[in-house]
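Structural overview for review
Here is what each chain is made of, one letter per residue.
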Amino acid sequence: MIIEPRTRGFICTTAHPVGCAENVKNQIDYIKSKKTINGPKKVLVIGASTGFGLASRITSAFGSHAATIGVFFEKPPAEGKTASAGWYNTAGFETAAHKEGIYAKSINGDAFSNDIKRETIELIKKDLGKIDLLIYSLASPVRTHPDNGKRFRSTLKPIGASYTNKTVDFHTGNVNEVSIEPGTDEDIENTVTVMGGDDWQRWVSALQEADVLTKDFKTVAYSYIGPELTEPVYRKGTIGRAKDDLEKTAFTITDALKDIDGKAYVSVNKALVTQSSSAIPVIPLYISLLYKVMKAEGLQEGCIEQIHRLFNDRLYLDEIPTDEEGRIRIDDWEMKANIQEQVAKLWEEATTETLPKIGDLDGYTTEFYNLFGFRVPNVDYTKEADEMTGIPSIT
Ligand code: NAD
Ligand code: NA
């Protein structure tokens, strides 16, 4: 069928299989254009279908020929109804990997559940034996707790006081003020339950108990810090508490992995347009200004450039460089003083009238559509596409 974008706020309810596969191909080509990374060999990626998780899977498979198992939660297609973008991304990825004889299998289901953990471990035992890297890149607004079946919802709220700042509706380009009421203690707890370190720790301990981790096993989860400007809604808000918890959990996991010399890291990544970040108030305006400045300075990166740098210049060095809190930093270019000074200055000037000139609103919008396989160069959108495109090897 002919597939067109259908957007509702910061979501798009359709996705294009050919556009998604083309995005994946571009990321694969980027990795292939670099020299081989002395990287992982057998990898499990949780949250493998979009954003940083997908880039981690591609970098593993095409950077060091790694076998990958990807876990994600995506909507399969139905006759006349498209799948979600992560489904088509995975179809494109697996097809490309298999063509080059690279092992790739996927599991579609709730990573928070005990069942999916069990199923994944069985697949590792059957096909890979042991894994040497676990990437934890899950981003979800809800978690059904595996112990009691209770559903928890994460929030994106400030703590202590309400927060008012500018934001942009990137569909219309309107810059307006938003006010967000502070989260309650319950909001904080729930957000930590969904996006904190508990599930990461459960994954590692289930894998360790099943004896499917190699000696020197590594695991990495992704975090964000960002500038003072967004602190009330991000790092010092409810989601920031969850990231604090995630970062603390790295130490707990490393302690638990002493016997096998395993290590857990958090990597602080750059702000990028993904399905998760478009849902956060204020952040889209920040990103559109940031992109403008970083592009002008020749420092702009997408998910694939970020993860390539993570593997090549951090994770697989003999000595992994970290900050004083033990975190890997690949947000170093975003956080450069001269970048942040320029963004802060533009922030003051940003209005509906000025933004098209001083910010990269076009870049933002294009990348948003790209997430769903739309507006991708070299794709003919007037041609029929097969919405039933499947994933070659899925459980
Ligand atoms: P994303 O929305 O692109 O990816 C989320 C992934 O999680 C998808 O693969 C999705 O299928 C999977 N997922 C969601 N719920 C699931 C469930 N219940 N079971 C299994 N899989 C599930 O998000 P992203 O932006 O790539 O974020 C990944 C991580 O990177 C998050 O921890 C995020 O905070 C962090 N991060 C993001 C940014 C940014 O600007 N986007 C910056 C720094 C760090
Ligand atoms: Na991801």
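The structure under discussion appears in the preceding block.
Let me begin by describing the structure that accompanies this report. From a predicted model like this one, the values you see are computed outputs, not experimental measurements. Residue numbering note: each chain is counted from 1, following its sequence as written. Each chain takes a letter, starting from A, and each ligand takes a number, starting from 1, following the order in which they are written. Per-residue local features of the predicted model are confined to residues with pLDDT of at least 70, and side-chain atom pairs are confined, for both listing and counting, to 80 or more; whole-chain, interface and lining totals are unaffected and use all residues. For side-chain calculations, the full set of non-hydrogen atoms in the structure is used, while hydrogens and water are omitted.

**Some words on the sheet that holds strand 11 (residues 213-223)**
- Pairing between two strands requires that DSSP report at least two bridges joining them. Only runs of H or I of at least four residues qualify as helices and only runs of E of at least two qualify as strands under DSSP, and these elements are numbered from the N terminus. In space, the 7 strands of this open sheet follow the order 5-4-3-6-11-12-13, with parallel pairing throughout. The open sheet has two free edges, formed respectively by strand 5 (104-108) and strand 13 (328-329), since each of these has just one partner strand.
- Relative to strand 6 (residues 131-136), strand 3 (residues 42-46) runs parallel, the two sharing 4 bridges. Across the sheet, Leu44 pairs through a bridge with Leu134, a residue of strand 6.
- Residues count as neighbours in contact if any of their non-hydrogen atoms are within 4.5 Å of one another. The angle between two axes is taken between their N-to-C directions and runs from 0 to 180 degrees, where each axis is a line fitted to C-alpha atoms and a helix contributes only its stretch in contact. Where helix 4 (residues 114-128) meets the sheet, its contacts fall on strand 3, strand 4 (67-72), strand 5 and strand 6, and the angle it forms with strand 5 comes to roughly 165 degrees.
- Each of strand 11 and strand 12 (263-268) touches helix 7 (residues 238-256); the most contacted strand, strand 12, lies at about 155 degrees to it.

**A word on the pattern of salt bridges**
- For salt bridges, the criterion is a side-chain nitrogen of Lys or Arg within 4 Å of an Asp or Glu carboxyl oxygen. Evaluated as defined, the whole model comprises 25 salt bridges.
- For Asp187, the salt bridge is made with Lys157, and the minimal N-O distance between the two is 3.1 Å. With Asp187 in helix 5 (residues 185-195) and Lys157 in the loop between strand 8 (151-153) and strand 9 (163-169), the pair connects residues that are 30 residues apart, well separated along the chain.
- Each residue gets one of three labels from its accessible area relative to the maximum for its type: buried under 20%, exposed over 50%, partly exposed in between, using a 1.4 Å probe on protein chains only. When its relative accessible area of 27% is taken as the criterion, Lys157 is described as partly exposed.
- Each of Arg235, Asp244, Glu247, Asp323, Arg327, Arg329 and Asp331 takes part in one network of salt bridges that share partners.

**Some thoughts on the layout of surface pockets**
- Note on definitions: the grid is 1 Å and covers protein atoms alone; a cavity is a set of points where a 1.4 Å probe fits but cannot get out; a pocket is an open set with protein on both sides within 12 Å along at least five of seven lines; lining residues have an atom within 4 Å of a point. Grid points are joined across faces, edges and corners, and a volume is the space filled by probe spheres set on the points. Here the second largest pocket is characterised by a volume of approximately 270 Å³.
- Considering the residues around the second largest pocket, the lining is formed by 16 residues, among which Ala21, Lys25, Gly92, Ala96 and Lys99 are closest to the centre.
- The dominant element in the lining of the second largest pocket, judged by the number of residues it contributes, is helix 1 (residues 17-32), at 7 residues.
- Of the residues contributing to the lining of the second largest pocket, the split by class is 8 nonpolar, 3 polar and 5 charged. Polarity classes work like this: nonpolar for Ala, Val, Leu, Ile, Met, Phe, Trp, Tyr, Cys and Pro, charged for Asp, Glu, Lys and Arg, and polar for all others, with Gly in that last group.

**Some details on the coordination of the sodium ion (ligand 2)**
- Ligating atoms shown are N, O and S within 2.8 Å of the metal, or 3.2 Å for Na, K and Ca, and water is not included, meaning a site may look less than complete. Looking at the sodium ion (ligand 2), one finds its protein donor set to be Gly47 (O), Thr50 (O), Gly53 (N), Ser137 (O) and Ser137 (OG), positioned 2.7 to 3.2 Å from the metal centre.
- Of note, the donors binding the sodium ion (ligand 2) are all from one chain and are spaced G-x2-T-x2-G-x83-S. Taken as a pair, Gly53 in helix 2 (residues 51-64) and Ser137 in the loop between strand 6 and strand 7 (142-144) lie far apart in primary sequence, 84 residues in all. Summarising the burial analysis for this pair, Gly53 and Ser137 share the class buried.

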